[in-house]
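# Structural features, examined
Residue strings, one per chain:
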Amino acid sequence: MAKHRSNRLAETLKQEISQLIREELKDPRIGFVTVTSVEVADDLGSAKVYISVLGDSQQAKDSLDALKKAAGFVRSEIGKRVRLRHAPEIVFKYDTSIEHGAHIAQLLRGVKHEEQKDEGESHDE
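My aim in this report is to walk through the structure given alongside it, one point at a time. Computed from a predicted structure; not experimentally measured. (Residues numbered from 1 in each chain as written. Predicted model: local features only at pLDDT ≥ 70, side-chain atom pairs only at ≥ 80, totals over all residues. Heavy atoms only, no water.)

## Re the sheet that holds strand β1 (residues 32–40)
Here three strands make up an open sheet; going across it, the order is β1-β2-β3 and the pairing mixed. The open sheet has two edge strands with one neighbour each: β1 and β3 (89–94). Averaged over all pairs of adjacent strands, the angle between their axes in this sheet comes to 30 degrees, without regard to strand direction. Here strand β2 (residues 46–54) runs beside β3; their pairing, made up of six bridges, is parallel. When the bridges of β3 are listed, I51 appears paired with Y94. (Pairing = 2+ DSSP bridges. Helix = DSSP H or I, 4+ residues; strand = E, 2+ residues; numbered from the N terminus. Axes fitted to C-alpha atoms, helices over the stretch in contact; angles between N-to-C directions.)

Structure representation (structure tokens):
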């Protein structure tokens, strides 16, 4: 039962924090940020918010720094928007899974290209 509640809260937090980043946070360091997932602790006391940033590593670092500075504001806004006795502590983390997936896709394309090249050479013989 508690796991179901934390999963529901995680989805709600994901939507609300995405909207807050898009509409409320005015820090120029925050680039094109996407909230990829939210993990809420079983006691609902803390939430890890995983983000990805469109851009280079410096833009990602700047955006993450700005979001960490705004974590208190985000927590207070969540407390106003979501009916909870205590708003969870918000911790922003950079999500590398998208970059990892893109790297794997690039490797697979390279393997496919090599296979096609090998097949072309074998037909020429």
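Additional details are given in the paragraphs that follow.
## Some points on the pattern of salt bridges
Counted under the stated rule, the structure contains six salt bridges. The salt bridge involving R81 is made with E16; its shortest N-O contact spans 3.2 Å. Note that R81 is positioned in helix α3 (residues 71–81) and E16 in helix α1 (residues 2–23), a separation of 65 residues in sequence. Residue R81 is classed as partly exposed on the basis of its relative accessible area of 31%. For K61, the salt bridge is made with D65, and the minimal N-O distance between the two is 3.1 Å. Of this pair, K61 and D65 both sit in helix α2 (residues 57–69), four residues apart, which is roughly one turn of that helix. (Salt bridge = Lys/Arg side-chain N within 4 Å of Asp/Glu carboxyl O. Buried < 20%, exposed > 50% of the residue type's maximum accessible area, 1.4 Å probe, protein only.)

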